[in-house]
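Here is how the chains run, residue by residue.
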Amino acid sequence: MDRVSAFDEPLKKLLGGATAKVMAEHLDLHTVGDLLHHYPRRYEERGQLTALADLPLDEHVTVVAQVADARIAVFNNGRGKRLEVTLTDGSGQLQLVFFGHGVHKPHKELLPGRRAMFAGKVSVFNRRMQLAHPTYQLLDAADADEATEAVDAFAGRLLPIYPACKQLDSWRIAKAVDAVLPSAKDAVDPLPRSLREGRGFTPLPEALLKVHRPQTKADIADARERLKWDEAFVLQVALARRRYADTQLPAVARRPVPDGLLDAFDAKLPFTLTEGQRKVTGEIFDDLATEHPMHRLLQGEVGSGKTMVALRAMLTVVDAGGQAAMLAPTEVLAQQHHRSITEMMGELAEGGMLGGSDRGTKVVLLTGSMGVPARRQALLDLVTGEAGIVIGTHALIEDKVRFHDLGLVVVDEQHRFGVEQRDALRSKAHSQGERRSPHLLVMTATPIPRTVAMTVFGDLETSVLDQLPAGRSPIASHVVPAKDKPHFLARAWERVREEVENGHQAYVVCPRIGDDADEAAGEKKGKKAGAPEDDGEKRPPIAVLEITEELRRGALAGLRTEVLHGRMHPDDKDDVMRRFAAGQVDVLVATTVIEVGVNVPNATAMVIMDADRFGVSQLHQLRGRVGRGSAPGLCLLVSEAHEASPARARLGAVAATLDGFELSRIDLEQRREGDVLGQAQSGVRSSLRMLTVIDDEEVIAAAREEAVAIVAADPELEHLPELRTALDALLDKDREEYLDKG
């Protein structure tokens, strides 16, 4: 069998159809190569027990522990039976529970003093950690054949514990790995020889053997170092090639024009730019002045003035004869941007109109829900070049939309935009009949640690705005433990009333809308995620529509309370936002549609219900909607999570700091590595099996340097066929597409 095809062999051939099917469906493993790259999550030593005290909630775990006691409990007047087993390991205890007909076998086998491997999902019942119906394998029952085999297989060895699923335990995965391990010798080594030898790396076949079947801890360290480098390096080569290819594309240079629109705009600004804004603007203007397209990521803290920086870049492009398009993820946000940009520009946004400035241009809005006449006029303004700036949702990307000369695309919160959408916009740029790429500026208010920026946005140059403009107020954040201390929640609503009585406004944010369609989606989602059948006591997340009625009748009676959510008609959404901005609404009860870009300086308080259902970055984003004026902000994180739970620790971290970069690090440390790159980005997620983006900063930075040097010397990798093979394996077409967009 040749070297490449050994890794491409379908698992079905070696493992049989049933096992291969479970691996494909639940673990996304299809070939021998996939399984060889499914590395153990950790290792157990014979005689060393896992710390039961540190088990993660809601995760599928494998533990090696000893039975302390086992007892049968009877319920339902003797009709029902359950077996309760207590495990111990010196650090803590874990409860196992088996129901119904499932109690007989474990009752005979799980006798006090027995040691076994147990696998299952950790849950909490009556404040105690438990595994319901775990699968197990005895490790020291000399009278059981299977157990003797298990002891033989693992005696004196480090026991690999694999990322597993309900349908396939870690030890069954270990057996499957044994079946494919001989193919490790056929591994194609992606690292160039000079790099491998220069850094003294273990050869790849040896690293794969050592990671799956280590004899010593040194074997594991060796293998990990080598396999991390492979992942970091291949990924960085892909990104370096992408950046190199971008520098080869033609673009029109857009240089500032003296006494143009930008100078007129700057002259009417009522404040001076921060030093950070000036520095970042300089970087952007330098990029715009070159004849290949800018690809820049602008990350900035909530409220650091990214829109101002982007607007000045757009005005520069208009001065240079081009057009600029700003893409927003939602209609609410597109309308908000359009409103704030036309307000900032004043008569400069009314080019060609009565009372408009002769140096001005037209700023048009284009969204899917606009009426036909308004839409027709906007499209006409774009194709004639009358409109220098257009702000819109993905409606901008539709085939009908034509530009006169698209010079710059600004994408707001780009993680919400798909690859095809960015490509489609790119293809609309042409100048003097030639295909030219527009310059691209991507804005995100989610602070991203340096390593993630190097990995996820590696095809973009990065600018960071970390200074807040003068006049921003501090925001106090507190966790409100609604279950343990209900009077804290009552006090939270009192605080909202106090803010309103002082002439301010407030937001209440909920995870769910709460109509029938919402319920159905929630139910489906719960089932799909493998929610346990007996999890009846976990209530659905608090919903906007339900809590609004409750608040109007109770805690906030008499206040002007309105709702805002994604399924409202766009005109209604805009109407509510306008009235809230104008101070005609006291309390806005909303879903996360307010998460980005919404700017109402008079809103000073925010109550986030079921705050533990949101991610750290999302909470930071939401909180950034208050404290935008001169009055201090208040953010109350309401949660029913148990005090000792990871969810509460997360909320505590958010309450303790306003530094988004610090929070993004905490977020990364708390989430499993797999979600670091986001849900939609499966290509890269499934390629990062060993590298942890948060801990391996040095590896990533060094791999990036090596990758840049190699691509500069040999862009097509003609002299490195093994590296090309590895790239093809990592980047099937979809993944390459994903990488193209960060």
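Calculation criteria
- Within any chain, residue numbers begin from 1 and follow the written order of that chain's sequence.
- Two thresholds apply to this predicted model, a pLDDT of at least 70 for residue-level local features and 80 or more for giving and counting side-chain atom pairs, whereas whole-chain, interface and lining totals are computed over all residues.
- Note: side-chain values were computed over all heavy atoms of the structure, leaving out hydrogens and water.
- Only Phe, Tyr and Trp rings are paired, with Trp represented by its six-membered ring, and only when their centres lie within 6.5 Å; those with planes under 30 degrees apart are stacked, over 60 edge-to-face, the remainder tilted.
- The secondary structure listing takes helices from DSSP runs of H or I that are at least 4 residues long and strands from runs of E that are at least 2 residues long, numbered from the N terminus.
- Relative accessibility decides the category of a residue: with a 1.4 Å probe and only protein chains considered, values under 20% of the type maximum give buried, values over 50% give exposed, and everything between is partly exposed.
- Each pair of strands is called paired provided DSSP finds at least two bridges between the two strands.
- Only C-alpha atoms enter the line fits that serve as axes; for helices the fit covers just the stretch in contact. Angles between N-to-C directions range over 0 to 180 degrees.
- Throughout this description, the term nonpolar core refers to a set of buried Ala, Val, Leu, Ile, Met, Phe, Trp, Tyr and Cys residues connected via side-chain atoms within 4.5 Å.
- We call two residues in contact whenever any of their non-hydrogen atoms come within 4.5 Å of each other.
- We count a salt bridge whenever a side-chain nitrogen from Lys or Arg sits within 4 Å of a carboxyl oxygen from Asp or Glu.
- Any angle from 65 to 115 degrees is called roughly perpendicular, while one under 35 is roughly parallel, one over 145 is roughly antiparallel, and all others are oblique.
- Definitions for this section: a left-handed crossing has its near helix turned counterclockwise from the far helix by less than a right angle. A right-handed crossing has that turn clockwise.

Here we look at the packing of aromatic side chains
Here is step 1 of the chain: Evaluated as defined, the whole model comprises five aromatic pairs.
Here is step 2 of the chain: Taking the centre distance of 6.1 Å and the plane angle of 40 degrees together, the rings of phenylalanine 118 and tyrosine 136 count as tilted. Taken together, the positions of phenylalanine 118 in strand β5 (residues 115–125) and tyrosine 136 in strand β7 (residues 135–138) put the pair 18 residues apart, joining distant regions of the chain.
Here is step 3 of the chain: Judged by relative accessible area, which is 0%, phenylalanine 118 ranks as buried.
Here is step 4 of the chain: Among the aromatic side chains, those forming a connected cluster through ring pairs are Phe98, Phe118 and Tyr136.

Let's talk about the sheet that holds strand β21 (residues 587–590)
Here is step 1 of the chain: Spatial ordering of the open sheet is given by β18-β23-β22-β19-β21-β20, a layout of six strands whose pairing is parallel. Every other strand in the sheet has two partners, leaving β18 (475–481) and β20 (561–564) as the edge strands with one partner each. Strand after strand, the sheet turns through a mean of 20 degrees between neighbouring axes, direction not considered.
Here is step 2 of the chain: Relative to strand β22 (residues 603–608), strand β19 (residues 505–509) is paired through five bridges, and the arrangement is parallel. Across the sheet, the residue bridging to alanine 506 is alanine 605, located in β22.

Quick word on the nonpolar core
Here is step 1 of the chain: Among the nonpolar cores identified, the biggest contains 55 residues, and Trp493, Tyr507, Val508, Leu564, Ile594 and Ile608 are the most heavily contacted of them.
Here is step 2 of the chain: Isoleucine 594 has contacts with Tyr507, Val509, Leu564, Leu588, Met606, Leu622 and Arg625, leaving out every residue within four places of it along the chain.
Here is step 3 of the chain: Formed by 39 residues, the second largest nonpolar core is a distinct cluster that contains Leu261, Ala310, Leu408 and Met443.

A closer look at the pattern of salt bridges
Here is step 1 of the chain: Evaluation of the coordinates by the stated rule reveals 35 salt bridges.
Here is step 2 of the chain: A salt bridge links lysine 279 to glutamate 283; its shortest N-O distance comes to 3.6 Å. Note that lysine 279 and glutamate 283 are positioned in helix α12 (residues 275–288) at a spacing of four residues, about one turn of the helix.
Here is step 3 of the chain: Salt bridges sharing partners connect three or more residues here, namely Arg491, Glu494, Arg495, Glu498 and Glu499.

A short note on the environment of phenylalanine 614
Here is step 1 of the chain: Along the chain, phenylalanine 614 falls in the loop between β22 and α22 (616–623).
Here is step 2 of the chain: The spacing of phenylalanine 614 and alanine 647 is 33 residues in sequence and 9.4 Å in space, taken between C-alpha atoms.
Here is step 3 of the chain: Residues contacting phenylalanine 614, with those up to four places away along its chain left out, are Val509, Cys510, Pro511, Thr592, Ile608, Met609, Leu619, Leu622 and Arg650.

Quick notes on the packing of helix α10 (residues 217–248) against helix α26 (residues 697–713)
Here is step 1 of the chain: Contact geometry of α10 with α26 gives a least axis separation of 8 Å together with a crossing angle of 45 degrees. In this view, α10 runs oblique relative to α26, as classed from their interaxial angle. Of the two elements, α10 crosses α26, and the hand of that crossing is right-handed. Residues Lys228, Trp229, Ala232, Phe233, Gln236, Val237, Ala240, Arg241, Arg243 and Tyr244 of α10 touch α26, and the partners they reach there are Val699, Ile700, Ala702, Ala703, Arg704, Glu706, Ala707, Val708, Ile710 and Val711.

Overview of the environment of phenylalanine 233
Here is step 1 of the chain: For phenylalanine 233, the location among the structural elements is in helix α10.
Here is step 2 of the chain: Considering only alpha carbons, one finds phenylalanine 233 and alanine 703, 470 residues apart in sequence, at a separation of 4.8 Å.
Here is step 3 of the chain: Leaving out residues up to four positions away in the same chain, phenylalanine 233 has contacts with Pro190, Leu191, Pro192, Leu195, Ala703, Glu706, Ala707, Ile710 and Leu723.

Some words on the sheet that holds strand β12 (residues 387–392)
Here is step 1 of the chain: If you walk across this open sheet you meet the seven strands as β11-β12-β10-β13-β16-β9-β17, and the pairing is parallel. Bordering the open sheet on either side are β11 (362–366) and β17 (461–465), each of which pairs with just one other strand. When strand polarity is set aside, the average angle formed by the axes of neighbouring strands in this sheet is 20 degrees.
Here is step 2 of the chain: Relative to strand β16 (residues 439–444), strand β9 (residues 295–300) is paired through five bridges, and the arrangement is parallel. Along β16, the bridge assignment pairs arginine 296 with leucine 441.
Here is step 3 of the chain: Each of β10 (323–327), β11, β12 and β13 (406–412) touches helix α14 (residues 331–345); the most contacted strand, β11, lies at about 170 degrees to it.

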